[in-house]
Amino acid sequence: MASRQAAHRRKHNNSFSILLITTVVLMITIVVAVKCGELSRKVTEYEAREEQLEAQIEEQEARAEELVEYEKYTQTMKYIEDVAKSKLGLVYEGEIIFKEEN
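Notes on the structure in this doc start here. (Residues numbered from 1 in each chain as written. Predicted model: local features only at pLDDT ≥ 70, side-chain atom pairs only at ≥ 80, totals over all residues. Heavy atoms only, no water.)

**Observations regarding the overall build of the protein**
Under the convention used in this document: Strands are runs of DSSP state E lasting at least two residues, helices are runs of H or I lasting at least four, and both sets are numbered from the N terminus onward. The classification of residues rests on relative accessible area computed with a 1.4 Å probe and restricted to protein chains. Under 20% of the type maximum is buried, over 50% is exposed, and intermediate values are partly exposed. Residue exposure ignores everything except the shown protein chains as possible cover, and the areas themselves are Shrake-Rupley values with a 1.4 Å probe.
On a plain count of helices and strands, the protein comes out with two helices and zero strands. Out of the 102 residues in the protein, the part that is buried amounts to 1%. Counting only carbon and sulfur atoms, one obtains 60% of the accessible surface of the protein, whose full area is about 10,000 Å².

What follows is the structure, given as C-alpha coordinates:
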(Lines give C-alpha, C1' and ligand atoms only; values in the text may rest on other atoms or scores of the structure.)
Protein backbone atom coordinates (compact mmCIF):
# COMPACT_ATOMS: atom_id res chain seq x y z
CA MET A 1 0.00 0.00 0.00
CA ALA A 2 2.86 2.38 0.80
CA SER A 3 4.40 1.77 -2.63
CA ARG A 4 1.07 2.60 -4.29
CA GLN A 5 0.86 5.91 -2.46
CA ALA A 6 4.46 6.74 -3.37
CA ALA A 7 3.75 5.97 -7.05
CA HIS A 8 0.63 8.11 -6.91
CA ARG A 9 2.59 11.01 -5.37
CA ARG A 10 5.30 10.75 -8.04
CA LYS A 11 2.67 10.74 -10.78
CA HIS A 12 0.91 13.71 -9.18
CA ASN A 13 4.22 15.58 -8.76
CA ASN A 14 5.16 14.86 -12.41
CA SER A 15 1.78 16.16 -13.61
CA PHE A 16 2.15 19.28 -11.51
CA SER A 17 5.71 19.81 -12.77
CA ILE A 18 4.62 19.44 -16.39
CA LEU A 19 1.75 21.89 -15.81
CA LEU A 20 4.09 24.38 -14.15
CA ILE A 21 6.68 24.11 -16.94
CA THR A 22 3.99 24.46 -19.61
CA THR A 23 2.64 27.57 -17.89
CA VAL A 24 6.09 29.14 -17.67
CA VAL A 25 6.83 28.37 -21.33
CA LEU A 26 3.46 29.80 -22.35
CA MET A 27 4.08 32.99 -20.36
CA ILE A 28 7.53 33.40 -21.91
CA THR A 29 6.04 32.90 -25.37
CA ILE A 30 3.42 35.57 -24.72
CA VAL A 31 6.02 38.04 -23.44
CA VAL A 32 8.26 37.41 -26.46
CA ALA A 33 5.31 37.87 -28.86
CA VAL A 34 4.32 41.17 -27.23
CA LYS A 35 7.89 42.47 -27.29
CA CYS A 36 8.26 41.38 -30.91
CA GLY A 37 5.17 43.41 -31.81
CA GLU A 38 6.55 46.46 -30.00
CA LEU A 39 9.88 46.10 -31.78
CA SER A 40 8.15 45.84 -35.15
CA ARG A 41 6.25 49.05 -34.43
CA LYS A 42 9.46 50.81 -33.40
CA VAL A 43 11.22 49.62 -36.55
CA THR A 44 8.41 51.09 -38.65
CA GLU A 45 8.64 54.39 -36.77
CA TYR A 46 12.42 54.50 -37.14
CA GLU A 47 12.21 53.79 -40.87
CA ALA A 48 9.73 56.66 -41.31
CA ARG A 49 11.99 58.96 -39.28
CA GLU A 50 15.00 57.86 -41.34
CA GLU A 51 13.17 58.78 -44.56
CA GLN A 52 12.33 62.21 -43.13
CA LEU A 53 15.93 62.80 -42.12
CA GLU A 54 17.23 61.70 -45.52
CA ALA A 55 14.83 64.16 -47.17
CA GLN A 56 16.10 66.91 -44.88
CA ILE A 57 19.69 66.00 -45.73
CA GLU A 58 18.91 66.28 -49.44
CA GLU A 59 17.23 69.66 -48.89
CA GLN A 60 20.20 70.96 -46.92
CA GLU A 61 22.68 69.69 -49.53
CA ALA A 62 20.68 71.48 -52.24
CA ARG A 63 20.64 74.63 -50.11
CA ALA A 64 24.40 74.37 -49.61
CA GLU A 65 24.86 74.15 -53.37
CA GLU A 66 22.65 77.22 -53.82
CA LEU A 67 24.75 79.10 -51.28
CA VAL A 68 27.95 78.18 -53.11
CA GLU A 69 26.43 79.41 -56.37
CA TYR A 70 25.26 82.62 -54.67
CA GLU A 71 28.72 83.16 -53.24
CA LYS A 72 30.18 82.85 -56.73
CA TYR A 73 27.53 85.26 -58.05
CA THR A 74 28.30 87.86 -55.38
CA GLN A 75 31.89 87.97 -56.61
CA THR A 76 30.92 88.89 -60.18
CA MET A 77 30.55 92.30 -61.83
CA LYS A 78 26.91 91.49 -62.64
CA TYR A 79 26.11 91.33 -58.91
CA ILE A 80 27.93 94.60 -58.24
CA GLU A 81 25.98 96.28 -61.05
CA ASP A 82 22.66 94.89 -59.81
CA VAL A 83 23.30 96.11 -56.27
CA ALA A 84 24.47 99.52 -57.49
CA LYS A 85 21.31 99.90 -59.58
CA SER A 86 18.78 98.55 -57.09
CA LYS A 87 20.12 99.89 -53.79
CA LEU A 88 22.05 102.98 -54.79
CA GLY A 89 20.12 104.01 -57.89
CA LEU A 90 23.29 104.28 -59.96
CA VAL A 91 23.17 103.94 -63.75
CA TYR A 92 25.60 103.95 -66.63
CA GLU A 93 26.14 107.15 -68.50
CA GLY A 94 23.56 107.46 -71.25
CA GLU A 95 21.28 104.82 -69.70
CA ILE A 96 17.59 105.76 -69.50
CA ILE A 97 15.47 104.78 -66.51
CA PHE A 98 11.73 104.43 -66.83
CA LYS A 99 9.73 104.84 -63.63
CA GLU A 100 6.13 103.90 -63.13
CA GLU A 101 3.72 106.64 -62.15
CA ASN A 102 1.72 106.01 -59.00
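**So, the pattern of salt bridges**
Side-chain pairing between opposite charges can occur once the charged atoms of the two side chains come close. Put simply, the rule reads: Throughout this description, the term salt bridge denotes a Lys or Arg side-chain nitrogen within 4 Å of a carboxyl oxygen of Asp or Glu.
Applying the stated rule across the entire model yields five salt bridges. Two residues, D82 and K78, come together in a salt bridge whose shortest N-O distance is 3.4 Å. One end of the pair, D82, and the other, K78, are both in helix α2 (residues 77-86), four residues apart, so they sit about a helical turn from each other. Here E95 makes a salt bridge to K85, at a shortest N to O gap of 3.1 Å. Residue E95 is located in the segment after α2, and its partner K85 is located in helix α2; the two are separated by 10 residues in the primary sequence. Take K85: its relative accessible area is 37%, and that puts it in the partly exposed class.

**A few points about a negative patch on the surface**
Selection criterion: Patch members must show over 30% relative accessible area and no salt bridge, and they are joined within 9 Å when carrying like charges or within 5 Å when they are nonpolar side chains of Val, Leu, Ile, Met, Phe, Trp or Tyr. In this charge count, Lys and Arg are treated as positive and Asp and Glu as negative; neither His nor the chain ends contribute. Just so you know, the charge point we use is NZ for Lys, CZ for Arg, CG for Asp and CD for Glu.
Side chains of E47, E50, E51, E54, E58, E59, E61, E65 and E66 sit close together on the surface and give a patch of like negative charge. As for its position among the elements, E58 is in helix α1 (residues 2-74).

**Describing the packing of aromatic side chains**
We count it as follows: Pairing of aromatic rings covers Phe, Tyr and Trp, the last through its six-membered ring, and needs centres within 6.5 Å; plane angles under 30 degrees mean stacked, over 60 mean edge-to-face, and all others mean tilted.
Evaluated as defined, the whole model comprises three aromatic pairs. Measuring from ring centre to ring centre gives 6.3 Å for Y70 and Y73, while their planes differ by 45°; the resulting arrangement is tilted. Of the two residues, Y70 and Y73 both sit in helix α1, three residues apart, roughly one turn of that helix. Note on Y70: relative accessible area 46%, which makes it partly exposed. Overall, the relative accessible area of 31% leaves Y73 in the partly exposed class. With 6.3 Å between their ring centres and 80° between their planes, Y70 and Y79 make a pair best called edge-to-face. Judged by relative accessible area, Y79 falls into the partly exposed class, the value being 25%.

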